[in-house]
Amino acid sequence: MSESFGPFARGAANTTYAQYFTGQSYLNMLTKDGLLIGNVTFEPECRNHWHIHHAGKGGGQILLCTAGRGWYQEWGKPARELHKGDVVVIPAGIKHWHGAAKDRWFVHLAIEIPGENARTEWLEPVIDADYNQLP
Ligand code: MN
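Quantities reported herein were computed from a predicted structural model and do not represent experimental measurements.

Just checking my understanding: could you explain the environment of Lys77 for this structure?
Along the polypeptide, Lys77 turns up in the loop between strand S7 (61-74) and strand S8 (80-83). Among the residues examined, Lys77 registers a relative accessible area of 48% and is labelled partly exposed. Spatially, the C-alpha atom of Lys77 lies 9.5 Å from that of His96, the residues being 19 residues apart in sequence.

Written as structure tokens, this is what we have:
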């Protein structure tokens with residue numbers, strides 16, 4: 001499978017963060033100049049684990065959706081369905097996950113918002129039974 005979805009090249013298998021993902025993803029770092037911007041491609045059923053973008057000040061993450069169908073969910077809230085053109089602003093300190101729908105590839109740009117001592121805390125996987133309830 002070498003096809004790219006959306007305007008940016010798919011990149012290589014996401015080995016850097018594979019341990020924090022369920023399923024297969026691909027990562028193409030588009031730039032590290034000033035902002036960290038990565039093109040993340042999720043195959044169907046692939047999603048990342050619950051995680052929190054921490055920062056003392058500022059921080060968080062912005063997702064710009066470019067192709068396919070996916071999901072974003074904050075802890076304790078219903079999942080939000082995502083399509084091309086959707087923007088997700090994730091404040092620092094919010095526990096969440098993002099990934100593909102069951103039946104579709106999904107691609108977003110992930111932009112790290114600069115922050116003081118910014119870091120990501122990776123938590124437990126999304127429970128299969130919860131994910132599988134999503135349409
Ligand atoms: Mn995130």
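Would you explain the nonpolar core in this entry?
The nonpolar side chains of soluble globular proteins are, as a tendency, buried together. Ranked by internal contacts, the top residues of the largest apolar core, which has 14 residues, are Phe42, Leu63, Tyr72, Leu82, Val88 and Phe106. Residue assignment for this core shows that the elements contributing at least two residues are strand S4 (36-42), S7, strand S9 (87-90) and strand S11 (106-112). Among all residues touching Phe106, those that are not within four sequence positions of it are Val40, Thr41, Phe42, Cys65, Ala67, Gly68, Arg69, Gly70, Leu82, Gly99 and Ala100. Counting residues in each nonpolar core, the second largest holds 7 residues, with Trp97, Val126, Tyr131 and Leu134 among its members.

I would appreciate a short explanation of the pattern of salt bridges in the present structure.
Oppositely charged side chains may form a pair once their charged atoms are brought near each other. One pass over the structure, following the stated rule, counts 5 salt bridges. In this structure, Arg69 engages Asp103 in a salt bridge whose closest nitrogen and oxygen atoms are separated by 3.0 Å. Note that Arg69 is positioned in strand S7 and Asp103 in the loop between strand S10 (96-100) and S11, a separation of 34 residues in sequence. Relative accessible area serves as the criterion here: at 53%, Asp103 is assigned to the exposed category. For Lys95, the salt bridge identified is with Glu124, shortest N-O distance 3.0 Å. Of the two residues, Lys95 is situated in the loop between S9 and S10 and Glu124 in the loop between strand S12 (119-122) and helix H1 (128-133); the sequence distance between them amounts to 29 residues. On the basis of relative accessibility, which here comes to 32%, the residue Glu124 falls in the partly exposed class. Linked through salt bridges whose partners overlap, the residues forming this network are Arg69, Glu81 and Asp103.

Thresholds, definitions, all that
Every chain is numbered on its own, with residues counted from 1 as its sequence reads. Totals for whole chains, interfaces and linings use all residues, but because this is a predicted model, local features are given only for residues with pLDDT of at least 70 and pairs of side-chain atoms are given and counted only at 80 or more. Hydrogens are left out, water is left out, and the side-chain values use all remaining heavy atoms of the structure. Secondary structure elements are defined from DSSP: runs of H or I of at least 4 residues count as helices, runs of E of at least 2 residues count as strands, and each element is numbered from the N terminus. Type-normalised accessible area, obtained with a 1.4 Å probe on protein chains alone, sets the label of each residue: buried when under 20%, exposed when over 50%, and partly exposed for intermediate values. Buried Ala, Val, Leu, Ile, Met, Phe, Trp, Tyr and Cys residues form a nonpolar core when they are joined through side-chain atoms within 4.5 Å. Pairs of residues are marked as contacts when any of their non-hydrogen atoms sit within 4.5 Å. Note on definitions: salt bridges are taken to be side-chain nitrogens of Lys or Arg within 4 Å of carboxyl oxygens of Asp or Glu.

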